Amino acid sequence: MVTYPRSGLLQGAELYLRWLAGHKHTLPEVAARLGAALDEWDAAQRSANTGQTAAV
C-alpha cells in the first residue's frame, strides 16, 4: 500500500495513509509520496463533487 498508495486509496485505506503520511517515524520520501497521492485523491474527490473530471 505504501509503494502504490493510489491502490490503497481505491481500496478504502485513506485514513491509514493520512495517518502514515503524518507519522513522525515515516521516512520523508515515503511521506512525500503519500502526500502527493493524497493531494491527487483530494482533488479528484472535489472534482467528483462538482461534476468535473480528474484523473487519479
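Residues numbered from 1 in each chain as written. Predicted model: local features only at pLDDT ≥ 70, side-chain atom pairs only at ≥ 80, totals over all residues. Heavy atoms only, no water.

Remarks on the nonpolar core
Right, on to step 1. Core analysis: the biggest nonpolar cluster contains nine residues, these being L9, A13, L17, L20, V30, L34, A37, L38 and W41.
Right, on to step 2. Dropping the residues within four chain positions of it, L38 is found in contact with L9, E14, L17, R18 and A21. (Core = buried A, V, L, I, M, F, W, Y, C linked by side-chain atoms within 4.5 Å. Buried < 20%, exposed > 50% of the residue type's maximum accessible area, 1.4 Å probe, protein only. Contact = heavy atoms within 4.5 Å.)

Some points on the packing of helix 2 (residues 14-22) against helix 3 (residues 28-50)
Right, on to step 1. Running from N to C, helix 2 and helix 3 point in directions that differ by 140°, and their axes come no closer than 9 Å. As the angle between them shows, helix 2 and helix 3 are arranged oblique. Crossing of helix 2 against helix 3: the hand is left-handed. Across the interface between the two elements, E14, L17, R18, L20 and A21 from helix 2 touch A31, L34, L38, W41 and D42 from helix 3.
Right, on to step 2. Each residue belonging to the contact of helix 2 with helix 3 can be placed in one class, and the counts come to seven nonpolar, no polar and three charged. (Axes fitted to C-alpha atoms, helices over the stretch in contact; angles between N-to-C directions. Helix = DSSP H or I, 4+ residues; strand = E, 2+ residues; numbered from the N terminus. Parallel < 35°, antiparallel > 145°, perpendicular 65-115°, else oblique. Left-handed = near helix turned anticlockwise from the far one by under 90°. Nonpolar A, V, L, I, M, F, W, Y, C, P; charged D, E, K, R; others polar.)

Observations regarding the pattern of salt bridges
Right, on to step 1. The tally for this structure, following the rule as stated, stands at three salt bridges.
Right, on to step 2. Where R18 meets E14, a salt bridge forms, and the shortest distance between an N and an O atom there is 2.9 Å. One end of the pair, R18, and the other, E14, are both in helix 2, four residues apart, so they sit about a helical turn from each other.
Right, on to step 3. When its relative accessible area of 31% is taken as the criterion, R18 is described as partly exposed. (Salt bridge = Lys/Arg side-chain N within 4 Å of Asp/Glu carboxyl O.)

Quick notes on helix 3
Count 3.6 residues to each turn of an α-helix, and residues three or four apart come out pointing the same way.
Right, on to step 1. With 23 residues, helix 3 extends 33 Å from end C-alpha to end C-alpha; this agrees with the ideal 33 Å at 1.5 Å per step.
Right, on to step 2. Regarding helix 3, the residues found buried are V30, A31, L34, A37, L38, W41, A44 and S47.
Right, on to step 3. Note on helix 3: the residue one or two positions beyond its end, G51, has a positive phi of about 85°. (Expected span 1.5 Å × (residues − 1).)

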